[in-house]
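Read off the chains here:
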Amino acid sequence: QVQIVESGGGLVHPGGSLTLSCAARSGTLDYYAVGWFRQAPGKDREGIACISSSDSSTYYADSVKGRFTISRDNAKNTVNLQMNNVHPSDAGVYHCEADESFTRCKLQHSEYDYWGLGAQVTVSA
């Protein structure tokens, strides 16, 4: 069991940077594959980036490759998403999702058992 809390959302200008953090209030996040998923109004929840529990390998949606970086900070029991060169289309509610039943992470929301309430990211000039 793991309880997920996202933080770090807010307002960012196009081209700016923002860092989101996924914290485990219970459980050890290092044991879980973790993904970041974005949901914009009227759209399905989209897999953005994920990091595996087996070897910490990472995978990214094509739309964010080269701009976003997902990483673990095991000392803080967190998984972070560094967002650089933010586009207006990056706006939405970002959810951190975790699952211990698979070690190689996936970018499909339906595969994960746990997620938090989300962090709002607003992109505006």
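Cut-offs used in this document
Residues numbered from 1 in each chain as written. Predicted model: local features only at pLDDT ≥ 70, side-chain atom pairs only at ≥ 80, totals over all residues. Heavy atoms only, no water. Salt bridge = Lys/Arg side-chain N within 4 Å of Asp/Glu carboxyl O. Buried < 20%, exposed > 50% of the residue type's maximum accessible area, 1.4 Å probe, protein only. Helix = DSSP H or I, 4+ residues; strand = E, 2+ residues; numbered from the N terminus. Contact = heavy atoms within 4.5 Å. Pairing = 2+ DSSP bridges. Axes fitted to C-alpha atoms, helices over the stretch in contact; angles between N-to-C directions. Core = buried A, V, L, I, M, F, W, Y, C linked by side-chain atoms within 4.5 Å.

Enquirer: Where do I start with the pattern of salt bridges in this structure?
Expert: Between side chains of opposite charge, a pair can form when the charged atoms approach closely. According to the stated counting rule, one finds 6 salt bridges in the structure shown. Of the charged contacts, one joins Glu46 and Arg38 as a salt bridge, the two residues approaching to 3.2 Å between their closest N and O atoms. What makes Glu46 partly exposed here is its relative accessible area of 35%. Where Arg45 meets Glu97, a salt bridge forms, and the shortest distance between an N and an O atom there is 2.8 Å. You can see Arg45 sitting in the loop between strand 4 (33-39) and strand 5 (46-51) and its partner Glu97 sitting in strand 9 (residues 92-99), a full 52 residues away along the chain. The exposure class assigned to Arg45 is partly exposed, which follows from its relative accessible area of 21%. Given the relative accessible area of 0%, Glu97 is considered buried. One network of salt bridges, with partners in common, ties together Arg38, Glu46, Arg67 and Asp90.

Enquirer: What exactly am I supposed to notice about the environment of Arg104 here?
Expert: The residue Arg104 is located in the loop between strand 9 and strand 10 (114-115) in this model. With 78 residues separating them along the chain, Arg104 and Ser26 place their C-alpha atoms 21 Å apart. Excluding residues that lie within four positions of it along the chain, Arg104 makes contacts with Ser52, Ser54 and Tyr59.

Enquirer: What is the right way to look at the sheet that holds strand 7 (residues 68-73) in this model?
Expert: Strands pair in a sheet through their backbones, by hydrogen bonds, and they do so in one of two ways: parallel or antiparallel. Pairing within the open sheet is antiparallel, and its 4 strands lie in the order 1-3-8-7. One side of each edge strand has no neighbouring strand; the edge strands of this open sheet are strand 1 (3-7) and strand 7. Strand-to-strand twist in this sheet, taken as the mean axis angle between neighbours without regard to direction, amounts to 20 degrees. Looking at chain direction, strand 3 (residues 18-26) and strand 8 (residues 78-83) are connected through 6 bridges and run antiparallel. Bridging from a neighbouring strand, Ser21 pairs with Asn80 of strand 8.

Enquirer: Whenever I open this one, the pairing of strand 4 confuses me. Can you help?
Expert: Looking down a regular strand, the side chains alternate between one sheet face and the other. Among the 7 residues that make up strand 4, 6 are buried, leaving the element largely enclosed by the rest of the structure. Pairing between strand 4 and strand 9: 7 bridges, direction antiparallel. Pairing of Gly35 across the sheet is with Glu97, part of strand 9. Hairpin connection between strand 4 and strand 5: a loop of 6 residues separates the two successive antiparallel strands, and Gly42 in this loop has a positive phi of roughly 75 degrees.

Enquirer: Any chance you could explain the nonpolar core here in plain terms?
Expert: Most often, soluble globular proteins keep nonpolar side chains buried together rather than apart. Membership of the largest hydrophobic core comes to 29 residues, with the highest contact counts inside it found for Leu29, Val34, Trp36, Leu81 and Tyr94. In this view, Tyr94 contacts Glu6, Leu20, Trp36, Phe37, Arg38, Ile48, Phe68, Leu81, Met83, Gly118, Ala119 and Val121; residues no more than four positions away in its chain are not counted. Among the nonpolar cores identified, the runner-up in size contains 6 residues, and Ala33, Phe37, Cys50 and Phe102 belong to it.

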